[in-house]
Amino acid sequence: WYWQKEKREPYVRFMEANYPPGFSYEDFGPLFTAEFFDPNQWADILKASGAKYVVLTSKHHEGFTLWGSKYSWNWNAVDVGPKRDLVAELATAVRNRTDLRFGLYHSLFEWFNPLFLEDATNVFKTRKFPTSKSLPELYEIVTKYKPEIIWSDGNGNAPDTYWNSTGFLAWLYNDSPVRDTVVTNDRWGAGSICRHGGFYTCSDHYNPGHLLPHKWENCMTVDRQSWGYRREAQLDDYLAAEDLVKQLVETVSCGGNLLMNIGPTHDGRIAVVFEERLRQVGAWLEVNGGAIYGTKPWRAQNDTVTPGVWYTFSPREGTVNAIFLNWPASGTLQLGEPQAKLGDTQVKLTGYKELLKWVALGEKGMVIALPRLTPKQLPCQWGWALQLMDVN
């Protein structure tokens, strides 16, 4: 897109300097080799991240499908490049080795598909592209791979009537093999985003910082600048573990899910820096998962007195979780929101055995004495969770 459509100078220059004259985008097909792709290893890394679902990009806006689609002849991973059905391999590995839900991303439109461009020229009064390519592919991936999340994207500024989104979704929820378990997002045509869908995505990197009335998802990237893999990326371009924990905590407090994107390499690897980030978040969740999984938003999302404190509520245990992102130098943490009850309220630091001492502040608020711990004794390195039992 940057090279061929927008003709951005750095991209044009890079292609001229590093590829033979006349090299086309299609010539990248055979160079996508995936020789190191090990779906079992991927599944193990995904499991170690503490994630509950995974979404694979089955086809992006350039139309190349990671499965041997009969609607994408000679422009798919079985006919060209890896010569493997990457969707099937990952689906099998995830289902055999983890309890993650398996989902698929699928782009409705394709930047340079002549049929789409023709329909666009006709102001979408003709529907050659969705009937011959996009819709058949959607039916194909659902029937073949039974994904439990369909993450649609790329409406190409065309309305849902052009895509026949309601027709497809009616089939998906009533007659498809995943009708009882599937969930969908909100990108099904111009004007549907943040208005229609099982969960809202609203925009990329969406993190409103307040409670939304509808289930939503913050889809964001570990590499701040790209959804794909960038060979020239610098270490600073990647979010650190504490940044990711912060995103996760803020998102869940406000009723959202976090979809953390990583870009694999052309030879099929999850780069070591991405693997490390995934495992770091997983290690954090191993300690603090009780404040994240199965929680609901509390009456307050963040604290009114101390910044960097976010709340969740565990309905099963009836506990309020206060997750604080900065360990106070004073050794005491002041919370403005909870109403403690003398003799009843108990406070625990997740990953630490003993109950913590606290004092109430008038009608609302409390000061909690944190244990004195060496860095080695801390339950985790970034972000700590307090369980407040029996508070109003």
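As recorded in an unreviewed UniProt entry, the protein chain goes by alpha-L-fucosidase and comes from Rhynochetos jubatus. According to the UniProt record, the Sequence similarities (unreviewed entry) comment for the protein chain reads "Belongs to the glycosyl hydrolase 29 family."

Moving on to the sheet that holds strand β8 (residues 319-324). Taken together, four strands build an open sheet; the order of strands is β7-β8-β13-β10 and the sheet is antiparallel. Where the open sheet ends on each side, the last strands, each with one partner, are β7 (309-314) and β10 (346-349). Strand-to-strand twist of the sheet, defined as the mean angle between neighbouring strand axes without regard to direction, takes the value 25 degrees. Bridging between β8 and strand β13 (residues 384-389) involves six bridges; their strand directions are antiparallel. Its bridge partner lying in β13, Ala322 is registered against Leu386. The strands touched by helix α8 (residues 241-253) within the sheet are β7 and β8, with β7 carrying the most contacts at an inclination of about 55 degrees.

Quick look at the packing of α8 against helix α9 (residues 272-288) now. Remark: α8 packs on α9, axes separated minimally by 10 Å, with the N-to-C direction vectors making an angle of 55 degrees. Comparing the axis directions of α8 and α9 gives the class oblique. Judged by the sense of rotation from one axis to the other, the crossing of α8 with α9 is right-handed. Facing Ala241, Leu244, Val245, Leu248 and Val249 of α8, the residues of α9 in contact are Arg277, Gln280, Val281, Trp284 and Leu285. Considering only residue class, the contact of α8 with α9 consists of eight nonpolar, one polar and one charged.

So, about the nonpolar core. Trp284, Leu335, Ile368, Leu386 and Leu388 are the most contacted members of the largest nonpolar core, which has 99 residues in total. Residue contributions to this core reach at least three from each of two domains, namely domain 1 (9-291) and domain 2 (296-389). Excluding residues that lie within four positions of it along the chain, Leu386 makes contacts with Val320, Asn321, Ala322, Phe324, Leu333, Val347, Lys348, Leu349, Leu356, Ile368 and Leu370. Within the second largest apolar cluster, seven residues are counted, among which are Ile149, Trp151, Phe199 and Cys219.

Our focus in this paragraph is the state of the cysteines. Counted according to the given criterion, the structure contains one disulfide. Disulfide pairing places Cys194 opposite Cys202 at an S-S distance of 2.1 Å. Judged by the sign of its S-S torsion, about 65 degrees, the bond between Cys194 and Cys202 is right-handed. Look at Cys194 and you get partly exposed, because its relative accessible area is 32%. Residue Cys219 stays outside any disulfide, its sulfur separated by 9.5 Å from that of Cys202, the closest cysteine. The exposure class of Cys219 is buried, given its relative accessible area of 1%.

Taking the numbering used here, the UniProt-annotated feature "site: May be important for catalysis" (unreviewed entry) corresponds to Cys219. With respect to the helices and strands, the residue Cys219 is situated in strand β5 (residues 216-221). Once you skip the residues sitting within four places of it in the chain, Cys219 turns out to touch Trp151, Arg187, Ser203, Asp204, His205, Tyr206, Trp227 and Leu259.

With that out of the way, let us pick up the environment of Asp236. Inspection of the secondary structure puts Asp236 in the loop between β5 and α8. The exposed category is assigned to Asp236, whose relative accessible area is 66%.

Moving on: the packing of helix α2 (residues 39-48) against helix α3 (residues 86-97). At a minimum axis distance of 8 Å, the contact between α2 and α3 shows a crossing angle of 50 degrees. With respect to each other, α2 and α3 are oriented oblique. For the pair α2 and α3, the crossing hand works out as right-handed. Across the interface between the two elements, Pro39, Asn40, Trp42, Ala43, Asp44, Leu46 and Lys47 from α2 touch Glu89, Leu90, Ala93, Val94 and Arg97 from α3. Of the residues belonging to the contact of α2 with α3, the class tally is seven nonpolar, one polar and four charged.

On to the environment of Gly331, then. Following the sequence through the fold, Gly331 ends up in the loop between β8 and β9 (332-335). Between the C-alpha atoms of Gly331 and Leu361, which are 30 residues apart in sequence, the distance is 17 Å.

Below, the discussion takes up the domain arrangement of the protein chain. According to the domain assignment, the protein chain contains domain 1 (9-291) and domain 2 (296-389). Inter-centroid distance (C-alpha atoms) of domain 1 to domain 2 is 37 Å. Each side of the interface is counted separately: domain 1 has 18 residues, and domain 2 has 17 residues. Taking both sides of the interface into account, the surface hidden between domain 1 and domain 2 amounts to around 1500 Å²; carbon and sulfur atoms contribute 72%.

Take the pattern of salt bridges next. On inspection of all chains with the given rule, the structure shows 23 salt bridges. Its salt-bridge partner being Arg269, residue Asp267 comes within 3.0 Å of it at the nearest N-O pair. You can call Asp267 buried: its relative accessible area is 8%. Judged by its relative accessible area of 36%, Arg269 falls in the partly exposed class.

Turning to the UniProt feature "domain: Alpha-L-fucosidase C-terminal" (unreviewed entry) in the protein chain, a few remarks are in order. In the numbering adopted here, UniProt assigns the feature "domain: Alpha-L-fucosidase C-terminal" (unreviewed entry) to residues 301-388. Spanning residues 301-388, this segment combines 0% helix with 36% strand, and its end C-alpha atoms are found 15 Å apart.

Burial along strand β12 (residues 366-369) is one-sided: the residues Met366 and Ile368 are buried and none of Val367 and Ala369 is. Across four bridges, β9 lies against β12 in antiparallel orientation. In the strand pairing of β12, Leu335 is matched with Met366. In sequence, strand β11 (residues 358-360) turns back onto β12 through a hairpin of five residues, with Gly362 there showing a positive phi of about 55 degrees.

Rules and cut-offs
- Throughout this document, residue positions are counted from 1 along each chain, in the order its sequence is written.
- It should be noted that, the model being predicted, local features are given only for residues of pLDDT at least 70 and side-chain atom pairs only at 80 or more, the latter also being counted only at that level, while totals for whole chains, interfaces and linings use all residues.
- Side-chain figures throughout are based on the complete set of non-hydrogen atoms in the structure, without hydrogens or water.
- UniProt positions are given in the numbering used here, feature names are shortened, and annotations may be inferred rather than shown by experiment.
- When DSSP locates at least two bridges between a pair of strands, those strands are taken to pair.
- Strands are runs of DSSP state E lasting at least 2 residues, helices are runs of H or I lasting at least 4, and numbering of each runs from the N terminus.
- A fitted line through C-alpha atoms serves as each axis, taken over the contacting stretch for helices, and the angle formed by two N-to-C directions is quoted from 0 to 180°.
- Here, two residues are considered to be in contact whenever any of their heavy atoms come within 4.5 Å of each other.
- Oblique is the label for every angle not falling under 35 degrees (roughly parallel), over 145 degrees (roughly antiparallel), or within 65 to 115 degrees (roughly perpendicular).
- Each crossing gets its handedness from the near helix: less than a right angle anticlockwise from the far helix is left-handed, clockwise is right-handed.
- Any residue that is not Ala, Val, Leu, Ile, Met, Phe, Trp, Tyr, Cys, Pro, Asp, Glu, Lys or Arg is counted as polar, Gly included; the first ten are nonpolar and the last four charged.
- What is meant by a nonpolar core is a set of buried Ala, Val, Leu, Ile, Met, Phe, Trp, Tyr and Cys residues, joined one to another through side-chain atoms within 4.5 Å.
- Whether a residue is buried, partly exposed or exposed follows from its accessible area with a 1.4 Å probe, protein chains only, as a fraction of its type maximum: under 20%, in between, or over 50%, in that order.
- Segmentation of the chain into domains, including their bounds, is taken from an automatic or database domain assignment.
- Cysteine sulfur atoms are paired as a disulfide whenever they come within 2.5 Å of each other.
- As used here, buried area is the combined drop in accessible area, with a 1.4 Å probe, of two parts when they are placed together.
- Salt bridge, as applied in this entry: a Lys or Arg side-chain nitrogen positioned within 4 Å of an Asp or Glu carboxyl oxygen.

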